[in-house]
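# Descriptive structure summary
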Amino acid sequence: MLIEWRGRFRGHSGLAVEAAGFIGALRRAGFAVREVPVGSLPVGTGPPPATGAIPVLTIVHLPWHDNGWEDLKGTIIWRAVFETASIPRPWVMRAEQVDEVWVASTFNAQTFAAAGVAEEKLHVIPQALSAGWYNLPISTGAGNGPFRFLSVFRWQQRKGWDVLLKAYLSEFDADDDVELVMRADPFGPTGYDIPADIAAVTAEIRPRNPPRITLLAEPLCLQDLQELYARSNAFVLPTRGEAWGRPYLEAMACGLITIGTGWGGQLDFMNDTNSLLIDYDLMQVSEAAALEWPNFEGQIWAEPSVPSLRRCLRRAMEDGPGIESRRRNAAATIRRQFPPATINQKFLSEIRRVLRSPVTAPGMSVPAVRDRLS
């Protein structure tokens, strides 16, 4: 009984990390899994999928528009994520051509359904961290040196780097014993000058005596990333939209005070008892963000409040009321409710359910989908 998994398997992206975890669970449970690597390419431009034994189940772990949708076999499950209040019409049409859509959060179950995806197709399968995250010492908040705020993200409008810099530079100056460490990759291969962006916001907000900002631009291995979390006091990410929010999960598992936007997939595990939540307004995606990723055009997402984020940063740094209980609750929430064994058990249970069920809506061929989208 062969299961085929089409997706991305290299690097430390959310897609790659999640695929490794779920594929490992399948193989440990005795399933034969064929991995079909797919790059970020338009439909029809990449190499053909693997040939050989015909899978009874194909999991497509890709955006709707990537290569990898050709010649699907068996029951088709789409593992999908989207970060705004709805999803574009082409994504809805793609969902119509698969048997089930598996999302990571109740947020995405709601946003996909609101866009028109049949509710009976939607199933919530959360993500889990690799086992090593749950064995790390839990932060006590103490330590030598400045109070270190950590942020880990890709440098795109969705992640709210501009909001983060404006709030941090407005709230602190060089006399405050604080540091903002950003481990950031550019969103695309070209057109990004992260140091120049940081310099521009600094010149606008705090041209004299700015607080410390450290940019880590090189990729880190897992051990170095975990050590970076361990050397930090708080994690902050004023995102405009998340389908799940893996960095929040990592920070909370380590017991860091975690500051995040009060809207999005992360609310499946973040709340006022274990985190500091940033106020927001719902707004249309900006033109700049839509230029970065056209699928966001016309969508709605959160606009985090700079004053609210400033209050959260100050409260975390000054160890205000409730901070220590939030730190303990953060680690407890992730370690008790989202350990790999629990998530993998749910995932395997859903796999077995699908394999016991007849195929109810065979996937349509890519040419037929393309005809409908034209």
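See the structure shown above.
On a predicted model such as this, the values are computed, not experimentally measured, just so you know.

## Overview of the overall build of the protein
In terms of regular secondary structure, the protein is built from 12 helices and 14 strands. In terms of principal-axis extent, the alpha carbons of the protein reach across some 65 × 40 × 35 Å. Every one of the 374 residues in the protein was classed for burial, and the buried ones make up 53%. For the protein, contacts bridging at least 24 residues in sequence account for 69% of all contacts bridging at least 6. With the model as given, the accessible surface of the protein reaches about 16300 Å², and the carbon-plus-sulfur share is 53%. The positive charge centre, built from 38 side chains, and the negative charge centre, built from 41, are 5 Å apart in the protein.

## What about the sheet that holds strand S3 (residues 57-60)?
Hydrogen bonding along the main chain pairs the strands of a sheet, whether they run parallel or antiparallel. Taken in spatial order, the 6 strands of this open sheet run S2-S1-S3-S4-S5-S6, and their pairing is parallel. At either margin of the open sheet sits one strand with a lone partner, and together these are strand S2 (32-37) and strand S6 (122-124). Within the sheet, the average angular offset between the axes of one strand and its neighbour, ignoring direction, is 25°. Here strand S1 (residues 2-7) runs beside S2; their pairing, made up of 6 bridges, is parallel. The residue of S2 that forms the bridge with glycine 7 is proline 37. Packing of helix H3 (residues 106-115) onto the sheet brings it into contact with strand S5 (100-103) and S6, and relative to S6 it is tilted by some 165°.

## What about helix H4 (residues 161-171)?
The element H4 is largely enclosed, with a buried count of 9 among its 11 residues. When we look at burial in H4, the residues that qualify are Trp161, Asp162, Val163, Leu164, Leu165, Ala167, Tyr168, Leu169 and Glu171.

## Some thoughts on the sheet that holds strand S7 (residues 147-155)
Judged by pairing direction, the sheet is parallel, and its 6 strands sit side by side in the order S9-S8-S7-S10-S11-S12 without closing on themselves. The sheet terminates laterally at strand S9 (212-216) and strand S12 (276-278), the two strands that pair on one side only. Neighbour-to-neighbour, the strand axes of this sheet turn through a mean angle of 20°, independent of strand direction. In this structure, strand S8 (residues 178-186) lies alongside S9, joined through 5 bridges in parallel fashion. Each residue of the ladder has a partner; that of arginine 183, found in S9, is leucine 216. Each of S7, strand S10 (234-237) and strand S11 (257-261) is contacted by helix H7 (residues 246-253), which is oriented at about 160° to S11, the strand it contacts most.

## Remarks on the layout of surface pockets
Empty space within the second largest pocket amounts to approximately 310 Å³. For the lining of the second largest pocket, the secondary-structure elements that each account for two or more residues are S7 and helix H6 (222-230). With 5 residues, the single largest contributor to the lining of the second largest pocket is H6. Residue composition of the lining of the second largest pocket, grouped by class: 9 nonpolar, 10 polar and 3 charged.

## A short note on a nonpolar patch on the surface
Among the surface-exposed residues, Tyr280, Leu282 and Ile300 lie close enough to one another that they form a single nonpolar patch of about 250 Å² accessible area. Its place among the elements puts tyrosine 280 in strand S13 (residues 280-284).

## Notes on unusual backbone geometry
For aspartate 71, which is not glycine, the phi dihedral falls at a positive 55°. Following the sequence through the fold, aspartate 71 ends up in the loop between S3 and strand S4 (75-79). Even without being a glycine, asparagine 209 presents a positive backbone phi close to 55°. Locating asparagine 209 in the fold gives a position in the loop between helix H5 (194-205) and S9. When its relative accessible area of 55% is taken as the criterion, asparagine 209 is described as exposed.

## Observations regarding the packing of aromatic side chains
Within this structure, the stated rule accounts for 25 aromatic pairs. Arranged with centres 6.0 Å apart and planes meeting at 75°, the rings of phenylalanine 269 and phenylalanine 338 form a pair that is edge-to-face. On the criterion of sequence distance, the pair formed by phenylalanine 269 in the loop between S11 and S12 and phenylalanine 338 in the loop between helix H10 (323-337) and helix H11 (340-356) is long-range, its members being 69 residues apart. This pair shows no difference in class: phenylalanine 269 is buried, exactly as phenylalanine 338 is. Through successive ring pairs, a cluster of aromatic residues spans Trp69, Trp78, Phe82, Trp91, Trp293, Phe296 and Trp301. Note that arginine 94 overlies the ring of tryptophan 69, its terminal NZ or CZ placed 4.1 Å from the centroid.

## Structural notes on the nonpolar core
If you look at the biggest cluster of nonpolar residues, it comprises 75 residues, and the most contacted ones within it are Phe149, Tyr229 and Ile259. At 7 residues, the largest contribution of residues to this core is made by H4. Those residues in contact with phenylalanine 149 that lie beyond four places of it in its chain are Tyr168, Phe172, Val178, Glu179, Leu180, Val181, Ala234, Val236, Ile259, Leu313, Ala316 and Met317. With 30 residues, the next largest nonpolar core counts Trp64, Ala80, Ile87 and Phe296 among its residues.

## Focus: helix H9 (residues 306-317)
Over its 12 residues, H9 runs 16 Å from end to end, which matches the ideal 16 Å to within 8%, given 1.5 Å per residue. For H9, the complete set of buried residues consists of Ser308, Leu309, Cys312, Leu313, Arg314 and Ala316. Summarising the contacts, the buried residues of H9 are in contact with S7, H4, S10, S11, S12 and H10. For H9, the side-chain oxygen to backbone nitrogen distance between the N-cap and serine 308 is 3.1 Å, and the N-cap itself is serine 305. Aspartate 319 sits one or two residues past H9 and shows a positive phi near 55°.

Analysis parameters
Residues numbered from 1 in each chain as written. Predicted model: local features only at pLDDT ≥ 70, side-chain atom pairs only at ≥ 80, totals over all residues. Heavy atoms only, no water. Helix = DSSP H or I, 4+ residues; strand = E, 2+ residues; numbered from the N terminus. Buried < 20%, exposed > 50% of the residue type's maximum accessible area, 1.4 Å probe, protein only. Contact = heavy atoms within 4.5 Å. Areas by Shrake-Rupley, 256 points an atom, 1.4 Å probe, with all protein chains shown as cover. Lys, Arg positive; Asp, Glu negative; His and termini not counted. Charge placed at Lys NZ, Arg CZ, Asp CG, Glu CD. Pairing = 2+ DSSP bridges. Axes fitted to C-alpha atoms, helices over the stretch in contact; angles between N-to-C directions. 1 Å grid on protein atoms, 1.4 Å probe; cavity = no way out; pocket = protein on both sides within 12 Å on 5 of 7 lines; lining within 4 Å. Points joined across faces, edges and corners; volume = space filled by probe spheres on them. Nonpolar A, V, L, I, M, F, W, Y, C, P; charged D, E, K, R; others polar. Patch = residues over 30% accessible without salt bridge, like charges linked within 9 Å, V, L, I, M, F, W, Y side chains within 5 Å. Salt bridge = Lys/Arg side-chain N within 4 Å of Asp/Glu carboxyl O. Phe/Tyr/Trp six-rings, centres within 6.5 Å; stacked < 30°, edge-to-face > 60°. Lys NZ or Arg CZ within 6 Å of the ring centre and 35° of its normal. Core = buried A, V, L, I, M, F, W, Y, C linked by side-chain atoms within 4.5 Å. Expected span 1.5 Å × (residues − 1). Polar contact = N/O pair within 3.5 Å; in protein donor to acceptor, adjacent residues only side chain to side chain.

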